[in-house]
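# Structural overview
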Amino acid sequence: MRRILKALILVLTLSVVLAAFTACDITEEKTTLETPTIASQMYTGSKLVAAVPEKDGYKVESNEGGTNVGEYDVVLTLTDATKYEWATPDSDDATKFAVIKATNEITSLTLESWSYGENAKTPVAKAKFGTPTFSYGTTADGKFTDAVPTAASKYFVKATVAATANYDGAEKIAEFKIAQAAATVTTAPQPVANLVYTGEELALITEGVGNGGTMQYKTGVDGTWSTELPKATNAGEYTIFYKVLGDDDHSDFVAEEGITVTIAKANAQFTTEPIANANLTYNGSQLNLVVAGVVTNGTLEYKLGDGDWSENIPTAVDVGNYKVFYRVVSTDSDNYNGIEQKELNVSVVKAQNEITALSIENWTYGESAKTPIATVKFGTAEFGYSDAADGEFSSTVPTNAGKYFVKATVKGTNNYDEATRTIPFEIAKAAAQTTAPTAKTGLT
């Protein structure tokens, strides 16, 4: 068996040698191949391999490629060295594949606006390559910093990707806004209670406290806004409006409804209140029924019974009981209340009458009678005559000589008592008168 194998190996060897000699004797022309041009590829962040053009004369022995920018070997080998050869004989079977630097771009950038006092929103950006960082500025072409703004305003955010060996740098700018927060009222102003007119300016409300601005007030719809607390002097009803005037970071807060405040009218005051005039006794003249009062901020008026109101003190002459009413009418009705009417009861009592003097001249029988004269406190005296002090008196004037009495009488009335007074007088005897006789003449 071993001999057979050895024989077969010998025969095979000889056959190969003979074939080689035969080949050397035959001259065949080879096909020349150019080294293929391999296109570079742009960095993608992933591993790239060369796209080698296909050709029958060679095959790719090695094409590892790479991720980062750079050149990578591509090893090619001839499929049949007897039929093909490289156009550049000294070239090895390697060529280069290049990964080139990519152009970069931030494809989107957004930042949601927020209101002052809220937590800042986070910008969102997408880049072809790299991780964007963010900075902030007040203008699109101004300076940008890392500090996130907090004040209310319009701003710009910039997304930036720094350049690397594999890709270019990129930027993108977007606008956003921090809106003003609404100002609020921490402590609302309140109306001042129990205001009464004094003639001086009075504060109408308590001070309010605002958050995010300055408290301002105005009186009435057409008033002027001011930080001063509203004041007023005259009695009346006032409507106060208030608001918080927002600062740079806050919008205004304006109260929808006003505050109603009232300054009440003051009351007129008695310095001295009228009183009834005491111990009034008829004297035939007008009597003041009351002692006048004194008031401030008003006019004192009186009336007697159902009479008319007047500033004059009521008077009466006759004896009687009287009702006197008084009231105070405000001299400034806008700011003062008058005083409702009150009443006083006043009496005038009957007077005691008196004949203070009585006289009559004596006369002589035959003369004209004399007229008595009486002086009385009240009324008119009537005269009567009698021949006795306690006798019966008549209005007939005596004529005969003698002693008589005259009585003056004033009849009593509702206002005064009756009064009498008696005095004596005399009618003297007349002297006798004679006429001397005369002789008759012419007697025959």
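Up top is the structure these notes are about.
These lines cover the structure that appears in this document, whether it is placed above or below. (Residues numbered from 1 in each chain as written. Predicted model: local features only at pLDDT ≥ 70, side-chain atom pairs only at ≥ 80, totals over all residues. Heavy atoms only, no water.)

## Let's talk about the overall build of the protein
Each helix and strand in the protein was counted, giving 1 helix and 41 strands. The globule rule puts the C-alpha radius of gyration for 444 residues at 22 Å, and the 72 Å found for the protein is more than 25% above it. Taken along its principal axes, the extent of the C-alpha atoms in the protein is 270 × 60 × 30 Å. A total of 444 residues make up the protein; the buried ones form 30% of that total. At a minimum sequence separation of 6, the contacts of the protein that also span at least 24 residues come to 55%. Approximately 28,100 Å² of the protein is accessible, and the part contributed by carbon and sulfur atoms is 48%. (Helix = DSSP H or I, 4+ residues; strand = E, 2+ residues; numbered from the N terminus. Rg over C-alpha atoms; globule rule 2.2 N^0.38 Å. Buried < 20%, exposed > 50% of the residue type's maximum accessible area, 1.4 Å probe, protein only. Contact = heavy atoms within 4.5 Å. Areas by Shrake-Rupley, 256 points an atom, 1.4 Å probe, with all protein chains shown as cover.)

## Some remarks on the sheet that holds strand β40 (residues 402–410)
Overall, mixed pairing links the 4 strands, which are arranged β37-β41-β40-β39 in an open sheet. For this open sheet the edge positions go to β37 (363–364) and β39 (382–386), each flanked by a neighbour on one side alone. (Pairing = 2+ DSSP bridges.)

## Digging into the side chain of S135
Relative to the helices and strands, S135 is located in strand β10 (residues 133–137). For S135, the contacting residues outside a window of four places in its chain are F144, T145, D146, F156, V157 and K158.

## A look at the packing of aromatic side chains
With the rule as written, the count across this model stands at 15 aromatic pairs. Ring geometry for W363 against F425: centres 5.3 Å apart, planes inclined by 20°, an arrangement best described as stacked. Residue W363 is located in strand β37, and its partner F425 is located in strand β41 (residues 419–428); the two are separated by 62 residues in the primary sequence. Accessibility classification places W363 together with F425 in one group, the buried group. Between the aromatic rings of F378 and Y416, the centroid separation amounts to 5.5 Å while the plane-to-plane angle is 15°, which identifies the pairing as stacked. With F378 in the loop between β38 (373–376) and β39 and Y416 in the loop between β40 and β41, this residue pair connects regions lying 38 residues apart in the sequence. (Phe/Tyr/Trp six-rings, centres within 6.5 Å; stacked < 30°, edge-to-face > 60°.)

## Observations concerning the nonpolar core
Formed by 36 residues in total, the largest nonpolar core has its most connected members in Y282, L289, V346, V348, I360, V406 and F425. Elements that contribute at least two residues to this core include exactly β31 (298–304), β33 (320–330), β35 (339–349), β36 (355–359), β40 and β41. Each residue touching V346, except ones within four places of it in the same chain, is listed here: A276, N277, L280, L289, V290, G320, N321, Y322 and V324. A50, A125, A159 and A174 belong to the second-largest nonpolar core, a separate cluster that totals 30 residues. (Core = buried A, V, L, I, M, F, W, Y, C linked by side-chain atoms within 4.5 Å.)

## Details of the side chain of K243
Among the secondary structure elements, K243 is positioned in strand β20 (residues 236–246). Although K243 is buried, it forms no salt bridge, and the closest oppositely charged side chain is D252 at an N-O distance of 4.6 Å. Excluding anything up to four places from it in sequence, K243 contacts T214, M215, Q216, W225, F253 and V254. (Lys, Arg positive; Asp, Glu negative; His and termini not counted. Salt bridge = Lys/Arg side-chain N within 4 Å of Asp/Glu carboxyl O.)

## Quick word on the environment of G391
Of note, G391 is situated in the loop between β39 and β40. Note: C-alpha distance between G391 and F405 (14 residues apart in sequence) is 9.0 Å.

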